[in-house]
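Summary of the model geometry
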Amino acid sequence: MSGHGGETGRPVARLIVILILFGLGVAAYLFGRDYVRKHPQDVPWTPLRLDDPIGRFTLRKLVALRDDPAQCRALLRQAGSADTAAAPRLGEPNCGYRDGVTLLPAKSEARFAPPNVVTSCPVAAAMLVFERQILQPAAARHLSSRVVEVRHAGSYSCRRLYGQSEGEFSEHATANALDIIGFGLADGTDVSVLRDWAAGAKGAFLRDVHDGGCDLFATALSPDYNAAHADHLHFDQAERGRSGFSVCR
Ligand SMILES: [Zn+2]
């Protein structure tokens, strides 16, 4: 049978194993706590902050703001946004909004042209993050300038997908989308989705802007998607984004 050394050695060995496991447990807890503190955007249970870097759960949290318009507007204020609550637009069946936000530029932010466009609050919140973390860095990288004007073709429009007479209503019908047609830069450069998508530094800028939008919007469609999008980037916060699934074409 086993030697006398084994009889006394076994409880000691067991204690050592327990201590090692305990130590590993503590280390894992401390590492996890530190990770969550440094990467709140990458875990599902931390509250959204619009100043945080874009992470794995940012889109889901942005889309979920549709359940809590007051919280959504509070986040915009907290992030220094000048966006204001818009008057509700109701009356047309399947269309309209209760909790719209007028997109207004805060200091040093790009203005929307035409001005006073109203979107759903989740679109407004995503636009704020989009401008600061995607758009301006891309303009600096590719075009060595700043975007001062975001040119758009509107948000609210009571219509079905592709303006057809039957079928699903577009996210535009609830102002839950924005179509961007181009940008004006501080040095006078003019970028048009229709003209510049395919080539050159402006094209690279636009493609980066679209790809970045895929991490913030449930839907990000570009001229690569189909002919109906040849002249604009369509961004929306469809319900599907709640599961983190974005359509990025
Ligand atoms: Zn659109």
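What you see as residue numbers is a count from 1 along each chain, following the sequence as written. With the structure being a predicted model, the display of local features is reserved for residues of pLDDT at least 70 and the display and counting of side-chain atom pairs for 80 or more, all residues being used for whole-chain, interface and lining totals. Only hydrogens and water are removed before side-chain values are computed, so all heavy atoms of the structure are retained for them.

**Here's the deal with the layout of surface pockets**
- Here a cavity denotes a set of grid points, spaced 1 Å apart and computed over the protein atoms alone, in which a 1.4 Å probe fits but from which it cannot get out, and a pocket denotes an open set meeting protein on both sides within 12 Å along at least five of seven lines; residues with an atom within 4 Å of a point are reported as lining. Grid points are joined across faces, edges and corners, and a volume is the space filled by probe spheres set on the points. Here the largest pocket is characterised by a volume of approximately 480 Å³.
- Elements with a contribution of two residues or more to the lining of the largest pocket: β8 (219-221) and β9 (233-236).
- We call Asp, Glu, Lys and Arg charged. Ala, Val, Leu, Ile, Met, Phe, Trp, Tyr, Cys and Pro are nonpolar, and the rest, Gly among them, are polar. Counted by class, the lining of the largest pocket contains eight nonpolar, six polar and six charged residues.
- By volume, the second largest pocket is sized at about 270 Å³.
- In terms of lining residues, the second largest pocket is bounded by 15 residues, among which Arg66, Tyr97, Ser120, Pro122 and Thr174 are the most central. Only DSSP runs of H or I with at least four residues qualify as helices, and only runs of E with at least two residues qualify as strands; both kinds are numbered from the N terminus onward.

**Details of the UniProt feature "domain: Extensin-like C-terminal" (unreviewed entry) in the protein chain**
- Here, the residues flagged by UniProt with the feature "domain: Extensin-like C-terminal" (unreviewed entry) are residues 71-249.
- Taken end to end, residues 71-249 has its terminal C-alpha atoms 30 Å apart, with 27% of it in helix and 21% in strand. UniProt positions are given in the numbering used here, feature names are shortened, and annotations may be inferred rather than shown by experiment.

**Digging into the coordination of the zinc ion**
- In the first shell of the zinc ion, the protein supplies His172 (NE2), Asp179 (OD), Asp179 (OD) and His234 (ND1), at 2.0 to 2.8 Å from the metal.
- Expressed as a motif, the donor residue spacing for the zinc ion is H-x6-D-x54-H. Here histidine 172 is found in the loop between β5 (147-152) and β6 (177-185), whereas its partner histidine 234 is found in strand β9, with 62 residues between them in sequence. When sorted by exposure, histidine 172 lands in the same class as histidine 234, which is buried. Because water is not among the atoms used, a metal site may look incomplete, as its donors are only the N, O and S atoms within 2.8 Å, or 3.2 Å for Na, K and Ca. Residue burial is assigned from relative accessible area. The probe radius is 1.4 Å, only protein chains are included, and a residue is buried under 20% of its type maximum, exposed over 50%, and partly exposed in between.

**Things to note about the packing of aromatic side chains**
- By convention, a stacked pair of Phe, Tyr or Trp rings (six-membered ring in the case of Trp) has centres within 6.5 Å and planes under 30 degrees apart, an edge-to-face pair has planes over 60 apart, and any other such pair is tilted. Enumeration over the complete set of coordinates arrives at five aromatic pairs.
- In this structure an aromatic cluster arises from ring pairing among Phe130, Phe217 and Phe235.

**Here we look at the sheet that holds strand β2 (residues 100-102)**
- A pair of strands counts as paired when DSSP detects no fewer than two bridges linking them. Spatially, three strands are ordered β1-β2-β4 in an open sheet, and the strand pairing comes out antiparallel. Edge positions in the sheet fall to β1 (84-85) and β4 (118-120), since each of these pairs with one other strand and no more.
- Bridge count between β1 and β2: two bridges; the pairing is antiparallel. When the sheet's bridge partners are listed, alanine 85 is paired in β2 with valine 101.
- Of the strands in this sheet, β2 and β4 are in contact with helix α4 (residues 121-143), which crosses β4 at around 100 degrees. Throughout, a residue-residue contact means that at least one pair of heavy atoms, one from each residue, lies within 4.5 Å. Structural elements are reduced to axes, namely lines fitted to C-alpha atoms, with helices fitted over the stretch in contact, and the angle between N-to-C directions of any two is expressed from 0 to 180 degrees.

**Some points on the nonpolar core**
- Side-chain atoms within 4.5 Å link the members of a nonpolar core, which is a set of buried Ala, Val, Leu, Ile, Met, Phe, Trp, Tyr and Cys residues. Counting residues in each nonpolar core, the largest one holds 45 residues, and the members touching the most others are Leu50, Met127, Phe130, Val147, Phe183 and Phe205.
- Where this core is concerned, the elements lending two or more residues are α3 (69-78), α4, β5, β6, α6 (200-213) and β9.
- Looking at this core, the element that brings in the most residues is α4, giving 14 residues.
- Excluding its chain neighbours within four sequence positions, the residues that come into contact with methionine 127 are Leu103, Phe112, Leu178, Ile180, Phe217 and Phe235.
- Formed by seven residues, the second largest nonpolar core is a distinct cluster that contains Tyr97, Val118, Tyr156 and Ala173.

**Some thoughts on the UniProt feature "transmembrane region" (unreviewed entry) in the protein chain**
- Those residues carrying the UniProt feature "transmembrane region" (unreviewed entry) are residues 12-31 in this numbering.
- Along residues 12-31 one finds 100% helix and 0% strand; the C-alpha atoms at either end are 28 Å apart.

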